[in-house]
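Remarks on the overall topology
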Amino acid sequence: MWAQDWSNVKDLFLPCKNKPSLDIAPALREQNYTAERMFRVSEEFFTSMGLSPMPEKFWNLSIIEKPKDRTIVCHASAWDFCDSKDFRIKQCTDMTMEDFVTVHHEMGHVEYYIQYKDLHIAFRDGANPGFHEAVGDVISLSVVTPKHMVKIGLLSDSAGKKDSEVDLNYLMSQALSKVAFLPFGYLIDVWRWNVFRGKISSSHYNCEWWKLRSEVQGVQPPNIRSEEDFDPGAKYHIAANVPYMSYFVSYIIQFQFHRALCTAAGEYDPKNPLAKPLHDCDIYRNKKAGDLLKEMLRLGSSKPWPDVMAVITEGNRRMDVSALREYFQPLENWLRKDNKKHGAAVGWKLSKNRSYSVSCMSLLFFFCLQFTDVLDWSVELC
Ligand SMILES: *[C@@H]1O[C@H](CO)[C@@H](O)[C@H](O)[C@H]1NC(C)=O
Ligand SMILES: [Zn+2]
């Protein structure tokens, strides 16, 4: 509904349509996966790196399946009960790839809680909110590699073979999750902060929302919207008053963390990315990567976040997209070539008496290359 993760329409975008895209859902079904098994597999990834297992209380008291006897808020979340012992997840887990990734995401929060549990309560938090969102996602960047899926029996051996075309399909599917998310992750709080600043009045909530959606994200509503509608309120984090910029930050810094851990693990060679590309790195069972991650997590919010970041990034104290670019480099190369071949224009443009053209955020430019159609804006803007 939000066009925040586009990987569910990846079949439309695959660079190599004759090669398979990798889907673990059939294997999850065939092997009769349960919610508990998904959680155990996730926990095993953390412990394989020397990180902490989930405590007994976690297993006793978490809700990992949708209860049959009552209605609950199913939006997945992780909780620190602040007594250094009680940590829980609440998730109505489905047997899908998406939920498999969400399990790792939520467990990343709990792993962070556990690592900083002995700090003073004031420091039991992420170095910044983006760090908290990034922990589980960093783990997932290894988990979802075809190489790792073969290791844990969710893809057949043949899927693990080196094949640059399968690689491109995989990278496109990852880009549809990770890159397509960025404009969405950014605009939610741009809209909300402008409401808080009084720059967006209550009589313009919805049109200003759709203005950002079209300008920043390049999407249109499927039918005519008006101020009778309040579309932002249908997003959980708006209705539940949960800040959103942390996700935008996370989607950038998680690639910096991934690069740092993969380099430490010897799974990525920045000098020879063709032999060991960043997107193919799996830090499973790697104690060096585990120790480094642990060192960062244990600091909680006791130091300014750039200091915490520097612990694992060999001194880099800035958030930047260079790691994200490195990760997607083969796809970027392919997109440049493919767009040249088809004479595709970059970006999208709003028509209807508005002469501004919308250029993509520079960090997204390579993804935008795919959008060739000029959007036909048929809704009254503010
Ligand atoms: C977890 O549940 C088991 C079985 O009900 C119980 O014996 C055990 O004491 C519980 N552990 C904790 C830490 O709550
Ligand atoms: Zn989260």
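Residues numbered from 1 in each chain as written. Chains lettered and ligands numbered in written order. Predicted model: local features only at pLDDT ≥ 70, side-chain atom pairs only at ≥ 80, totals over all residues. Heavy atoms only, no water.

The name an unreviewed UniProt entry gives the protein chain is Angiotensin-converting enzyme, with Darwinula stevensoni as the organism. Quoted verbatim from the Sequence similarities (unreviewed entry) field of the UniProt record, the comment on the protein chain reads "Belongs to the peptidase M2 family." (UniProt positions renumbered as here; feature names shortened; annotations may be inferred.)

Check the secondary structure of the protein chain and you find 16 helices and 4 strands. Relative to the globule expectation of 21 Å for 382 residues, the C-alpha radius of gyration of the protein chain, 21 Å, shows essentially globular dimensions. Expressed along its principal axes, the backbone C-alpha trace of the protein chain runs to roughly 60 × 45 × 45 Å. A fraction of 74% describes how many contacts in the protein chain between residues 6 or more apart in sequence connect residues 24 or more apart. Accessible surface computed for the protein chain: about 18,200 Å², of which carbon and sulfur atoms make up 51%. Distance between charge centres in the protein chain, computed from 46 positive and 48 negative side chains, equals 3 Å. (Helix = DSSP H or I, 4+ residues; strand = E, 2+ residues; numbered from the N terminus. Rg over C-alpha atoms; globule rule 2.2 N^0.38 Å. Contact = heavy atoms within 4.5 Å. Areas by Shrake-Rupley, 256 points an atom, 1.4 Å probe, with all protein chains shown as cover. Lys, Arg positive; Asp, Glu negative; His and termini not counted. Charge placed at Lys NZ, Arg CZ, Asp CG, Glu CD.)

Moving on to the UniProt feature "active site" (unreviewed entry) in the protein chain. The positions that UniProt labels "active site" (unreviewed entry) are, in the present scheme, Glu106 and His237. Counting through the fold element by element, Glu106 comes out in helix α4 (residues 97-115). Residue classification places Glu106 among the buried positions, given a relative accessible area of 6%. Filtering out sequence-adjacent residues up to four positions away, Glu106 remains in contact with Ala76, Ser77, Ala78, Ile89 and Gln91. At 3.3 Å, the side chain of Glu106 and the backbone nitrogen of Ala78 are in polar contact. The residue His237 is located in helix α10 (residues 236-239) in this model. With near-sequence residues (within four places) excluded, His237 lies in contact with His75, Arg192, Val242, Tyr244 and Tyr247. (Buried < 20%, exposed > 50% of the residue type's maximum accessible area, 1.4 Å probe, protein only. Polar contact = N/O pair within 3.5 Å; in protein donor to acceptor, adjacent residues only side chain to side chain.)

Our next topic: the pairing of strand β2 (residues 87-90). Examined bridge by bridge, strand β1 (residues 77-80) and β2 share 4 bridges and lie antiparallel to one another. Bridge pairing in β2 links Ala78 to Ile89. With antiparallel pairing between neighbouring strands as the criterion, β1 and β2 make up a hairpin whose turn holds 6 residues, including Cys82 at a positive phi of roughly 60°. (Pairing = 2+ DSSP bridges.)

With that settled, consider the coordination of the zinc ion (ligand 2). Within the protein, the zinc ion (ligand 2) binds to His105 (NE2), His109 (NE2) and Glu133 (OE); these donor distances fall in the range 2.1 Å. On the primary sequence, the residues serving as donors to the zinc ion (ligand 2) are separated as H-x3-H-x23-E. Taken together, the positions of His105 and His109, both in helix α4 and 4 residues apart, correspond to about one turn of that helix. On the accessibility criterion, His105 (12% relative accessible area) is buried. (Donors = N, O, S within 2.8 Å, 3.2 Å for Na, K, Ca; no water.)

This part takes up the environment of Gly347. Looking at the secondary structure, you find Gly347 in the loop between α15 (329-342) and β3 (348-349). Between the alpha carbons of Gly347 and Arg88 there is a distance of 43 Å; along the sequence they are 259 residues apart.

Let's shift gears to the UniProt feature "binding site: Zn(2+) 2" (unreviewed entry) in the protein chain. With numbering aligned to this structure, UniProt lists the feature "binding site: Zn(2+) 2" (unreviewed entry) at His105, His109 and Glu133. These annotated residues cover 29 residues of sequence, and their C-alpha atoms lie no more than 7.4 Å from one another, placing them together at a single site. Each residue touching His105, except ones within four places of it in the same chain, is listed here: Glu133, Gly136 and Asp137. Discounting residues that sit within four places of it in the chain, Glu133 has contacts with His105, His109, Ser246, Tyr247 and Ser250.

For Asn32, which is not glycine, the phi dihedral falls at a positive 50°. Within the secondary structure, Asn32 sits in the loop between α1 (25-30) and α2 (35-48). Residue Asn32 is classed as exposed on the basis of its relative accessible area, which comes to 60%. Non-glycine residue Glu314 carries a positive phi angle of around 50°. Inspection of the secondary structure puts Glu314 in the loop between α13 (305-312) and α14 (322-327). With a relative accessible area of 78%, Glu314 lands in the exposed category.

So, about the packing of helix α12 (residues 287-297) against α13. At a minimum axis separation of 8 Å, α12 and α13 run at an interaxial angle of 170°. Taken together, the axes of α12 and α13 lie roughly antiparallel to each other. Touching Leu292, Glu295 and Met296 of α12 are Val308, Val311 and Ile312, all from α13. Grouping the constituent residues of the contact of α12 with α13 by class yields 5 nonpolar, no polar and 1 charged. (Axes fitted to C-alpha atoms, helices over the stretch in contact; angles between N-to-C directions. Parallel < 35°, antiparallel > 145°, perpendicular 65-115°, else oblique. Nonpolar A, V, L, I, M, F, W, Y, C, P; charged D, E, K, R; others polar.)

Here we come to the packing of helix α8 (residues 181-196) against helix α11 (residues 245-264). Where α8 meets α11, the closest approach of the two axes is 8 Å, and the angle between their N-to-C directions is 150°. The angle between the axes of α8 and α11 places the two elements in the roughly antiparallel class. Viewed along their axes, α8 and α11 form a crossing whose handedness is left-handed. Facing Phe181, Leu182, Gly185, Tyr186, Asp189 and Trp193 of α8, the residues of α11 in contact are Met245, Tyr247, Phe248, Tyr251 and Ile252. Residue classes in the contact of α8 with α11 are distributed as 9 nonpolar, 1 polar and 1 charged. (Left-handed = near helix turned anticlockwise from the far one by under 90°.)

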